[in-house]
Amino acid sequence: MTTSQATLTEHLQFKLHDVKLKAMGYGLKLMKIRHTHVLTGPEAIGELANKLAQANLKKVLIVTTPGAVKRGYCATLKNALSAKGIASVVYSEVIPDPTFATVKAGLAVLKENNCDCAIALGGGSVMDAAKAMIVAATNDKPVEALMGMRKGKNVPLPFYAIPTTAGTGSEVTNAAVISEDITHIKRFMIDSRTVAKAAVLDPSFSTSLPAGITAETGMDAMTHAIEAYISKLSNPESDALAIKAIKDIFTYLPICFNDGHNLEARQAMAKASLTAGMAFRKVMLGYVHAISHQFGAVYGTSHGLGNAILLPLVIEYSKDTVAEKLATLAIETGLGDASNTQQELAQCVVDKLKSLNQQLNIPTRLTSLKAEDIPKIALRSYAEALKIHAAPKYMGKADIEALIKKLL
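The following refers to the structure shown. Please read these numbers as outputs of a predicted model, since none were measured by experiment.

## Description of the pairing of strand E7 (residues 175-179)
Summarising burial for E7: 4 of the 5 residues are buried, a large majority. In the sheet, E7 pairs with strand E8 (residues 186-190) via 5 bridges, with the strands oriented antiparallel. Each residue of the ladder has a partner; that of isoleucine 178, found in E8, is arginine 187. The turn joining E7 and E8, which pair antiparallel and follow one another in sequence, is formed by 6 residues; a positive phi near 65° is taken by histidine 184.

This is the structure we're talking about:
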């Protein structure tokens, strides 16, 4: 059992957070989430263009990256839209962990060209930036003022997504993460109206991903599923989605890592990422994300890599609190059976995450980490966790510092 080092003051803050969580959980249950029409197969891009035509949309802002343009994905989309009489303009300057400046630049292109909808073509950063743009486009507020829970009074522009990584599941979530321009501290926009109306899951768009990015984004999806599964707000529906995603990621992520051109495995990972996104959107996440966000802000660590490194450590810390759930997960995923004790089964999950990281060449250390930064990172992680997450076992600042020190 891992004993918390939390102070008396922190324990009081945990109790207050429990009260807030109950209210937030009730609100999330009542929140209506848009159903995303998922399009698959070789004709999916054409079907998406047809949907936009049926909705009488005339001009699309394609939000993407230079890489997607270079690989020809953007041209494929533009041609499909043009075939349906839909004009398009491209904003391709999205960077990893997009900042407010990134969003504002894309918003300017959207407004200058009178676009009436947006399509995100890329990974989680592209979808986050596009979501912020569609909210800002219809609300006369600075983008910064739209961070938080549904701060945009007016309905956002229609939003569609073509994910090119299998990680964030952002096409079906109600959240977007934008970084402050100077500090790179993460800010969060929560708005159920930013869930994509339709999403294209085309495995051919991810075959060019390097093995390392495949691993990191896949472990991002794994983190979404597991943190949703052990969340204090979890429920039978979110549990079923999370278990499905975890099973598929255990099976297909190593295949994608070793053979990036395996379309069946790529398609399965795309679906698993989406399923994991559906699992956490009403039950929130935990300390893996709270700490990983700070690694991104301080060192520019990719979100998936931060999650992957932290996941086994955080689950091991929480293991005694959620042993029963982890034991169920171990049995459901074939890691053990009823002949094992609950604690043994829970440890099986931790061991599996460690071995999966090893298979994927995920390091056990964060090379950029500096000891002198740990108190600041722990403080920011602690604050984020008590603001927007629902971890099953609380961590005081000293607990977070002790965990991060393992990565030196």
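## Looking at the packing of helix H14 (residues 374-388) against helix H15 (residues 397-405)
Relative orientation of the contacting elements H14 and H15 amounts to 125°, with a least axis distance of 9 Å. With respect to H15, the element H14 is oriented oblique. Like other packed secondary-structure pairs, H14 and H15 cross with a definite hand, here right-handed. Residues Ile374, Pro375, Ile377, Ala378, Leu379, Ser381 and Tyr382 of H14 form the contact with H15, whose participating residues are Lys397, Ile400, Glu401, Ile404 and Lys405.

## Details of the sheet that holds strand E6 (residues 159-163)
In space, the 6 strands of this open sheet follow the order E1-E9-E6-E4-E2-E3, with parallel pairing throughout. In this open sheet, the two edge strands, each paired with only one partner strand, are strand E1 (37-40) and strand E3 (87-91). Taken over all neighbouring pairs, the strand axes of this sheet differ in orientation by 20° on average, direction set aside. With 2 bridges joining them, E6 and strand E9 (residues 198-201) adopt parallel strand pairing. When the sheet's bridge partners are listed, alanine 161 is paired in E9 with alanine 199. Along the sheet, helix H5 (residues 100-112) contacts strand E2 (59-63) and E3; its crossing angle with E3, the most-contacted strand, is approximately 155°. Set on the sheet, helix H9 (residues 263-280) makes contact with E1 and E9; between it and E9 the angle comes to about 150°.

## What about the sheet that holds strand E5 (residues 148-149)?
Spatial ordering of the open sheet is given by E5-E8-E7, a layout of 3 strands whose pairing is mixed. Strand pairing shows two members of the sheet lacking a second neighbour, E5 and E7, which therefore form its edges. Relative to E8, E5 runs parallel, the two being bridged by 2 bridges. Of the residues in E8, the one forming a bridge with glycine 148 is methionine 189. Against the sheet, helix H6 (residues 124-136) touches E7 and E8, its axis set at about 100° to E7.

## Looking at empty space enclosed by the protein
Within this structure, the stated rule accounts for 3 cavities of 30 Å³ or more. Considering only enclosed or pocket space, the largest cavity measures out at about 100 Å³ in volume. Lining the largest cavity we find 13 residues, and of these Pro163, Thr165, Asp202, Ser206 and Ala270 sit closest to its centre. Those elements that place two or more of their residues in the lining of the largest cavity are E9 and H9. Sorting elements by how many residues they give to the lining of the largest cavity places H9 first, with 3 residues. Residue classes in the lining of the largest cavity are distributed as 6 nonpolar, 4 polar and 3 charged. In this model, the second largest cavity occupies a volume close to 70 Å³. Considering the residues around the second largest cavity, the lining is formed by Thr165, Ala166, Ser206, Leu209, Thr214, Thr217, Leu253, Cys256, Arg266 and Met269. For the lining of the second largest cavity, the secondary-structure elements that each account for two or more residues are helix H7 (211-230), helix H8 (236-258) and H9.

## Notes on H14
Across its 15 residues, H14 extends 21 Å between first and last C-alpha, which sits within 8% of the 21 Å expected from 1.5 Å per residue. Those residues of H14 that fall on the buried side of the exposure criterion are Ile374, Ile377, Ala378, Ser381, Tyr382, Glu384, Ala385 and Leu386. Against helix H1 (8-30), E8, helix H10 (287-299) and H15 lie the buried residues of H14.

## Comments concerning the packing of H7 against helix H13 (residues 342-359)
In the contact formed by H7 and H13, the axes pass within 12 Å of each other and the chain directions differ by 170°. When the axes of H7 and H13 are compared, the pair comes out roughly antiparallel. Each of Met219, Met222 and Ile226 in H7 lies in contact with H13, whose residues at this interface are Leu353, Leu356 and Asn357. For the contact of H7 with H13, a count of residues per class yields 5 nonpolar, 1 polar and no charged.

## Description of the nonpolar core
Residues Met222 and Phe295 are the most contacted members of the largest nonpolar core, which totals 80 residues. Each residue touching methionine 222, except ones within four places of it in the same chain, is listed here: Ile246, Ile249, Phe250, Leu311, Leu353 and Leu356. In terms of nonpolar packing, the next biggest core, distinct from the first, is built from 32 residues, Leu107, Ala120, Val135 and Ala161 among them.

## What to know about the pattern of salt bridges
Close approach of charged atoms lets side chains of opposite charge pair. Per the counting criterion, the structure on display carries 11 salt bridges. Notably, a salt bridge pairs aspartate 97 with lysine 186, separated by 3.1 Å at the nearest N-O pair. With aspartate 97 in the loop between E3 and H5 and lysine 186 in strand E8, this pair connects stretches of sequence that are 89 residues apart. Owing to a relative accessible area of 23%, aspartate 97 belongs among the partly exposed residues under this scheme. Between arginine 187 and glutamate 180 there is a salt bridge; the shortest N-O distance is 3.5 Å. The class for arginine 187 is partly exposed, based on a relative accessible area of 26%. Relative accessible area serves as the criterion here: at 23%, glutamate 180 is assigned to the partly exposed category.

Cut-offs used in this document
- Residues numbered from 1 in each chain as written.
- Predicted model: local features only at pLDDT ≥ 70, side-chain atom pairs only at ≥ 80, totals over all residues.
- Heavy atoms only, no water.
- Buried < 20%, exposed > 50% of the residue type's maximum accessible area, 1.4 Å probe, protein only.
- Helix = DSSP H or I, 4+ residues; strand = E, 2+ residues; numbered from the N terminus.
- Pairing = 2+ DSSP bridges.
- Axes fitted to C-alpha atoms, helices over the stretch in contact; angles between N-to-C directions.
- Parallel < 35°, antiparallel > 145°, perpendicular 65-115°, else oblique.
- Left-handed = near helix turned anticlockwise from the far one by under 90°.
- Contact = heavy atoms within 4.5 Å.
- 1 Å grid on protein atoms, 1.4 Å probe; cavity = no way out; pocket = protein on both sides within 12 Å on 5 of 7 lines; lining within 4 Å.
- Points joined across faces, edges and corners; volume = space filled by probe spheres on them.
- Nonpolar A, V, L, I, M, F, W, Y, C, P; charged D, E, K, R; others polar.
- Expected span 1.5 Å × (residues − 1).
- Core = buried A, V, L, I, M, F, W, Y, C linked by side-chain atoms within 4.5 Å.
- Salt bridge = Lys/Arg side-chain N within 4 Å of Asp/Glu carboxyl O.

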